[in-house]
Amino acid sequence: MTETVRLTTAQALVRFLAAQYSERDGQEQRLVPGVWGIFGHGNVAGIGQALLQAATTGEADLPYYLARNEQGMVHASVAYAKMRDRLATFACTASTGPGSTNMITGAALATTNRLPVLLLPSDMFATRAADPVLQQLEDTRGGDVTVNDTFRAVSKYFDRVQRPEQLIPAALAAMRVLTDPVETGAVTLALPQDVQAEAYDWPVSFFRRRVWHVGRPVPEPAAIERAARLLRGARRPLIVAGGGAVYSGAETALRAFAEATGIPVADTHAGKGAVPWDHPCAVGGIGSTGSYAANELAREADVVLGIGTRYSDFTTASHTVFADPDVTFVNLNVARLDAVKHSAEPLVADARLGIQALAGALADWEVDQEYRDRTRQLIARTREIEDSCFTVGHGPFPAQTEILGALNDVLGDRDVVINAAGSMPGDLQQLWRARDPKAYHVEYAYSCMGYEVAAGVGAKMADPTREVVVLVGDGSYLMMAQEIVTVISEGLKVIVVLVQNHGFASIGALSESLGSQRFGTKYRYRDSGSGLLDGEVLPVDLAANASSLGADVLHATSVDEFRSAMEKAKAATRTTVVHVETDLYGPNPPGHGWWDVPVSQTSALESTRSAYERYAARKQAQRHYL
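What counts and what doesn't
- Residues numbered from 1 in each chain as written.
- Predicted model: local features only at pLDDT ≥ 70, side-chain atom pairs only at ≥ 80, totals over all residues.
- Heavy atoms only, no water.
- Axes fitted to C-alpha atoms, helices over the stretch in contact; angles between N-to-C directions.
- Helix = DSSP H or I, 4+ residues; strand = E, 2+ residues; numbered from the N terminus.
- Parallel < 35°, antiparallel > 145°, perpendicular 65-115°, else oblique.
- Left-handed = near helix turned anticlockwise from the far one by under 90°.
- Contact = heavy atoms within 4.5 Å.
- Nonpolar A, V, L, I, M, F, W, Y, C, P; charged D, E, K, R; others polar.
- Phe/Tyr/Trp six-rings, centres within 6.5 Å; stacked < 30°, edge-to-face > 60°.
- Buried < 20%, exposed > 50% of the residue type's maximum accessible area, 1.4 Å probe, protein only.
- Pairing = 2+ DSSP bridges.
- Salt bridge = Lys/Arg side-chain N within 4 Å of Asp/Glu carboxyl O.

Visitor: Is there a simple way to think about the packing of helix H1 (residues 9-17) against helix H2 (residues 47-57) in this case?
Guide: Relative orientation and spacing of two packed helices are given, respectively, by the angle between their axes and the distance between those axes. Closest axis-to-axis distance for the H1/H2 pair is 8 Å, and the angle between their directions is 50 degrees. With respect to H2, the axis of H1 lies oblique. Of the two elements, H1 crosses H2, and the hand of that crossing is right-handed. Judged by residue contacts, Ala 10, Gln 11, Leu 13 and Val 14 of H1 engage Ile 47, Gln 49, Ala 50, Leu 51, Gln 53 and Ala 54 from H2. Each residue belonging to the contact of H1 with H2 can be placed in one class, and the counts come to seven nonpolar, three polar and no charged.

Here is the structure:
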């Protein structure tokens, strides 16, 4: 007879999650080390009661962490997963209605970035005994539709547990997707609030310790042979290292491969640090906001070896940066979806094993000395450009690039810088000097404003031995700063560099380039004469806000003061916000790429008409890679 134990669905889920582990290369770790949550009537008597019972009785080790915003707790979980190479993540529980739908943006971010997170949105009564209940959406198309159906579009796996026994296959399927490097992303188990509290006789074997093995797919020998043949025929090859190179732990293999072959290595946001910035083959970020060296080499490249990249439009500069009419791609990726992009020769495999196999196949081959010299000259010119951005001497407010230069100097090789949106990702991709693959934490697949502070919580929890520096502009700070309270309550130490320029610098500059005159991008009073938001600067004191949330605050009005404040923040034991004002209008690093943002084809504004002429000219360089 099968041994059973009587538990509620929520109690069973808590006990199940506490027994899940991941393993890769012989190293095991908890797959779900805890649960983030905010309680409401949809989950307080279900998941909430189960977590309390686990904590007080010791029947399951699954700590609970209180967030201040449901979107924020998903961001924290995703940042944790990113730092842990997708081998561990958190579960997130939310109440019905707005509590659950607040997680949808975080779900989209996780799936776009291909990072695992387990979402447990509470749902309406499965019995429908009290329809319609508080916060219920009534849909005339069907009685089984709830707001949680919106998770389907942004989840890699979605299930609604309508009966307790349905949890068994649903939970096992959820773990399968969370630990699959190809399919991972947001995993959603919608839990009706009555089902959470319903009891069932569960087989004890459901709660046994389970280890989910994360394998390394081996490259097909014939695919290695085809890829090696293309690379051997290349005169100007280029590597584009993406996030897959980092998540697979391929950094050492990639550096050795680059040294042996002489192929220069450009990187995406997710791949930065896979090769240290001062490595002789490292040419920096590529694409729309890429470095001079990377983009020049990309324009000349005849064979491009993509490693773990999904080739976003920022990586390809909207299909313009790879300019050789006969350019050929070889894509090494664990996901076939990415391996075949740009009509590439696909190499579907784990990045580390794929690089090692290619190294063996190319053991007697390297680029010629002329190409090595060309790479070295381009890197030298790029360093001159970077240094000029760091020392521009702008006033009265410093340029943002000067703050980044000072930050580069102050932070250590293992210190983590976090960013996601605005003008800073572009500046960082071109200017940041990362030596460690975990030191550069920029979320630029979804580029979600509000990610930064919450991500700082997750990154610090993932590796408490590292200094974590949240780099956030005032626009993103205003979107979601409240997780500073969470940092304080958990006794964590994070440094928040709050860059205030009283507007949207990135979109403002983009608006101007598109002929839209920075309309609606500045934090200003409404001008009584024009009716536009072009009046005086708003009297917003974000430093006071940060202080009110429990952080220590330091002020800087110059680059030297910023350096001094950062040294104090690093020496501090509590979360510290360093507040500095920069110039909304730049100057920014010089552009070496293009980004396709359509311009109105007809307009009464001369600025827009001129912008369209420039746009049409740049558009001519855009192409499919066939």
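Here the narrative resumes, following the displayed structure.
Visitor: What is the right way to look at the packing of aromatic side chains in this model?
Guide: Two aromatic rings are characterised by how far apart their centres lie and by the angle between their planes. Applying the stated criterion to the full structure yields 18 aromatic pairs. Centre to centre, the rings of Phe 39 and Tyr 64 are 4.7 Å apart; their planes meet at 15 degrees, and the pair counts as stacked. Of the two residues, Phe 39 sits in the loop between strand S4 (35-37) and H2 while Tyr 64 sits in strand S5 (residues 64-66), which places them 25 residues apart along the sequence. Residue classification places Phe 39 among the partly exposed residues on the basis of a relative accessible area of 34%. Where Tyr 612 meets Tyr 615, the ring centres are 6.3 Å apart and the plane angle is 40 degrees; that geometry is what we call tilted. Here Tyr 612 pairs with Tyr 615, and both are found in helix H24 (residues 606-619), just three residues apart, close to one helical turn. Under the relative-accessibility criterion, Tyr 612 is labelled partly exposed at 24%.

Visitor: Whenever I open this one, the sheet that holds strand S16 (residues 328-333) confuses me. Can you help?
Guide: Backbone hydrogen bonds are what pair the strands of a sheet, in a parallel or an antiparallel way. One open sheet holds the six strands; their spatial order is S14-S13-S12-S15-S16-S17, and the pairing between them is parallel. If you trace the sheet from one side to the other, it starts and ends with strand S14 (282-285) and strand S17 (345-348), each paired once. Here the average twist between neighbouring strands, direction ignored, is 20 degrees. Strands strand S12 (237-241), strand S13 (265-267) and strand S15 (303-307) of the sheet are contacted by helix H10 (residues 251-261), whose axis makes an angle of about 170 degrees with S12.

Visitor: Help me understand the pattern of salt bridges, please; the structure alone is not making it clear to me.
Guide: Where side chains of opposite charge bring their charged atoms close, a pairing between them can arise. Enumeration over the complete set of coordinates arrives at 44 salt bridges. One salt bridge connects Arg 30 with Asp 61, and the closest N-O pair in it is separated by 3.3 Å. Of this pair, Arg 30 sits in strand S3 (residues 27-30) while Asp 61 sits in the loop between H2 and S5, and the two are 31 residues apart along the sequence. Between Asp 149 and Arg 152 there is a salt bridge whose closest N-O contact spans 2.9 Å. A network of salt bridges, in which partner residues are shared, links Asp 25, Arg 216, Asp 350 and Arg 352.

Visitor: Help me out: how do you make sense of the pairing of strand S6 (residues 91-94) in this one?
Guide: The two faces of a sheet get side chains in turn, since along a regular strand they alternate between them. Of the two faces of S6, the one carrying Ala 91 and Thr 93 and the one carrying Cys 92 and Ala 94 are both buried. Summarising the sheet, S4 and S6 pair through three bridges and their orientation is parallel. Bridge pairing links Val 35 to Ala 91 in S6.

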